[in-house]
Amino acid sequence: MRTDYSLAPAEVPVHEPAVLSDTQRALRKDEIRDRLDALDAVLVAHYYVDGDIQDLALETGGCVSDSLEMARFGRDHPASTLIVSGVRFMGETAKILSPEKRVLMPTLEAECSLDIGCPPDEFEAFAAEHPDRTVVVYANTSARVKAMSDWVVTSSVGLRIVEHLAARGEKILWAPDKHLGAYIEQQTGADMLHWTGACVVHEEFKFQALMDLKNVYADAGVLVHPESPAAVIGIADRVGSTSQILQASLELPNDTLIVATDPRLFHQFRRRSPHKRFIEAPTAGDGATCRSCAHCPWMAMNELDNLAQTLDRLDNEVLVDPEIGRLAMIPLQRMLDFPKP
Ligand code: SF4
């Protein structure tokens, strides 16, 4: 087994979304609205995709949320076709939860460094070496990895679920995000053995550069996603999933907030708190390199053009082997059934 499953810079794609004029955007949005209607389809979008797609999802009765709520929403919505705008594991999760529905995505090339960094065969061998541990995997994994696990968690419920398992005396095998795993271990005191993947977006945030920025904006609050390095988490006013960060942006009294997550979430910040100022946390301190500069290149592959094309061509269907889906549903269902706080 490798000692580090973070991606090398060359493995991270560069993606520059097409720039459309206002007229082109309006036309595309009209086309998409019409097609969603004609197809009995609903648009389920992640907070990190293009702001126009987020708006379209909300305007057409779909949802914009984190991966846990996307999965729940798709399962419970009566539409026969789900259009998932996000990354591949989100489309797979939607299909696992709703096997009878057609699940389409604007592109099937939108991946995730955590999913790529947790190859199923290697993970299976790792888990087999530790049969005494409860296998808890982050939602950002393939259907095959989920199918091998005891629990699937998202960043919004991971901490509470591990706390619950630790209280029952269970030892945890955690995968794939090493920063989120270390944060949960530190918060819960659970006995955790870690896989060593990382999110190329959140791993970029730099402690010293963030401290320097805090000195410039002395009254600013700091919001951090727990996929970030421990030193960055250590100076946050709030640590949480995208939904929890969004909630914190409403609750904290600060007029200025420095935010360590993909800045496409700012679209929702500005909708909800137009009077507040939001600043991107820095990704490059002295001598640091930057692979994604905190903009997820895979989320950026969701564009109005390929969304409209998918609705026209009905391509990019997400398929999951039924037996893998059945096995993956078991740990997913445990998460969905876990009591809300
Ligand atoms: S932001 Fe990170 S965790 Fe989310 S899809 Fe991109 S690479 Fe994966």
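Rules used throughout
Residues numbered from 1 in each chain as written. Predicted model: local features only at pLDDT ≥ 70, side-chain atom pairs only at ≥ 80, totals over all residues. Buried ≥ 20, exposed ≤ 12 C-beta atoms within 10 Å, placed from the backbone. Helix = DSSP H or I, 4+ residues; strand = E, 2+ residues; numbered from the N terminus. Arc of directions from axis to C-beta. Contact = placed C-beta atoms within 7 Å. Near = placed C-beta within 6 Å. Nonpolar A, V, L, I, M, F, W, Y, C, P; charged D, E, K, R; others polar. Domains from an automatic or database assignment. Axes fitted to C-alpha atoms, helices over the stretch in contact; angles between N-to-C directions. Left-handed = near helix turned anticlockwise from the far one by under 90°. Pairing = 2+ DSSP bridges.

Next up on the list: helix H3 (residues 67–76). Since there are 3.6 residues in each turn of an α-helix, residues three or four apart along the chain are aligned in direction. Of the residues making up H3, those classed as buried are Ser 67, Leu 68, Met 70, Ala 71 and Gly 74. Buried residues in H3, looked at end-on, bunch into an arc of 165°, giving them a common side. On its buried side, H3 packs onto strand S1 (41–46), strand S2 (63–65), strand S3 (81–85) and helix H4 (88–97).

Further remarks concern the site of the ligand. Neighbouring residues of the ligand: 13 residues in total, closest Cys 112, Ser 113, Cys 199, Val 201 and Cys 296. When the residues that make up the shell around the ligand are grouped by side-chain class, the tally is ten nonpolar, two polar and one charged.

Okay, the domain arrangement of the protein next. Once the domains are mapped, the protein shows domain 1 (114–199 + 325–337) and domain 2 (202–280). Each side of the interface is counted separately: domain 1 has ten residues, and domain 2 has twelve residues. Taken together, the residues of the side of domain 1 that touches domain 2 break down into five nonpolar, four polar and one charged.

Another aspect to go through is the packing of H3 against H4. A pair of packed helices can be characterised by two numbers: the angle between their axes and the separation between those axes. Where H3 contacts H4, the axes come no closer than 9 Å and their chain directions differ by 35°. Crossing handedness for the pair H3 and H4: right-handed. Contacts between H3 and H4 involve Ser 67, Met 70, Ala 71, Gly 74 and Arg 75 on the former and, on the latter, Met 90, Thr 93, Ala 94 and Leu 97. Residue classes in the contact of H3 with H4 are distributed as five nonpolar, three polar and one charged.

Attention shifts here to the sheet that holds strand S8 (residues 192–194). Sheets are built from strands paired through backbone hydrogen bonds, the pairs being either parallel or antiparallel. Spatially, four strands are ordered S6-S5-S7-S8 in an open sheet, and the strand pairing comes out parallel. Taken across any chain shown, the strands that pair with only one partner, and hence form the sheet edges, are strand S6 (151–153) and S8. Sheet twist, expressed as the average angle between the axes of neighbouring strands with direction ignored, equals 25°. As judged from the three bridges shared by strand S5 (residues 134–138) and S6, these two strands associate in the parallel manner. What sits directly across from Val 136, in S6, is Trp 151.

Cis geometry is adopted by the peptide bond preceding Pro 176, which originates at Ala 175 and carries an omega value of -5°. Tracing the sequence through the fold places Pro 176 in the loop between strand S7 (172–175) and helix H9 (178–188). One non-glycine residue, Asp 40, adopts positive backbone phi at about 55°. Counting through the fold element by element, Asp 40 comes out in the loop between helix H1 (22–39) and S1. Classification of Asp 40 as exposed rests on a count of 11 C-beta atoms within 10 Å. At Leu 314, a position not held by glycine, the phi torsion is positive, near 55°. Inspection of the secondary structure puts Leu 314 in the loop between helix H14 (304–313) and helix H15 (322–337).

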